Amino acid sequence: MGRSTKVTNAIRALRFAHGEMTQAELAERIGVTRQTVIAIEQGRYSPSLEMAFQIARALEVPLDAVFQYPDEAA
């Protein structure tokens, strides 16, 4: 897993807002390992588009509430 991605996410905050869901619980809901959830949260791994939608659905929020991409003009 090379360099970090520019995509940021709010997964950790959203997990806590969603009944303090653990990384393991989120991983189980989307069918990946806890280590994958950790890597995504830390920005070391970008999930596939399908997995991104699964994460948003598990957290019951829109996709853009979970993932953000910086505006190059900013």
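Residues numbered from 1 in each chain as written. Predicted model: local features only at pLDDT ≥ 70, side-chain atom pairs only at ≥ 80, totals over all residues. Heavy atoms only, no water.

Some words on the overall build of the protein
We count it as follows: Working definition: helices are DSSP H or I runs of at least four residues, strands are E runs of at least two. Numbering for both runs from the N terminus. The quantity called the radius of gyration is restricted to C-alpha atoms. Its globule counterpart is 2.2 Å times the number of residues to the power 0.38. Residue exposure (1.4 Å probe, protein chains only): buried if accessible area is under 20% of the type maximum, exposed if over 50%, otherwise partly exposed. Contacts between residues were defined by any pair of non-hydrogen atoms, one from each residue, lying within 4.5 Å. Positive: Lys, Arg. Negative: Asp, Glu. His and the chain ends are not part of the count. Each charge is placed at NZ for Lys, CZ for Arg, CG for Asp and CD for Glu.
Helix and strand counts for the protein stand at five helices and two strands. Tracing the protein from N to C terminus, the helices and strands come up as β-α-α-α-α-α-β. For a compact globule of 74 residues, the expected C-alpha radius of gyration is about 11 Å, and the protein comes in at 12 Å, within 12% of that figure. Across its three principal directions, the C-alpha atoms of the protein cover 35 × 25 × 20 Å. Relative to its 74 residues, the protein shows a buried fraction of 32%. Expressed as a percentage of contacts within the protein between residues at least 6 apart in sequence, the contacts between residues at least 24 apart total 56%. Taking the 8 positively charged and 9 negatively charged side chains of the protein as two groups, their mean positions are separated by 7 Å.

A closer look at the pattern of salt bridges
Here is the rule we go by: What counts as a salt bridge is simple: a side-chain nitrogen of Lys or Arg found within 4 Å of a carboxyl oxygen of Asp or Glu.
Across all of its chains, the model carries one salt bridge by this definition. One salt bridge connects E41 with R15, and the closest N-O pair in it is separated by 2.6 Å. Of this pair, E41 sits in helix α3 (residues 34-41) while R15 sits in helix α1 (residues 11-17), placing them 26 residues apart in sequence. Considered together, E41 and R15 belong to a single accessibility category, that of buried residues.

Concerning unusual backbone geometry
Even without being glycine, E20 reaches a positive phi, approximately 55°. With respect to the element layout, E20 can be found in the loop between α1 and α2 (23-30). Positioned with a positive phi, E60 is a non-glycine residue whose angle comes to about 60°. Examined against the element boundaries, E60 turns out to sit in the loop between α4 (49-59) and α5 (63-66).

Considerations on the UniProt feature "domain: HTH cro/C1-type" (unreviewed entry) in the protein
Here is the rule we go by: UniProt positions are given in the numbering used here, feature names are shortened, and annotations may be inferred rather than shown by experiment.
Sequence positions flagged by UniProt for "domain: HTH cro/C1-type" (unreviewed entry) are, in local numbering, residues 11-66. Taken as a whole, residues 11-66 contains 68% helix and 0% strand, while its terminal C-alpha atoms sit 6 Å from one another.

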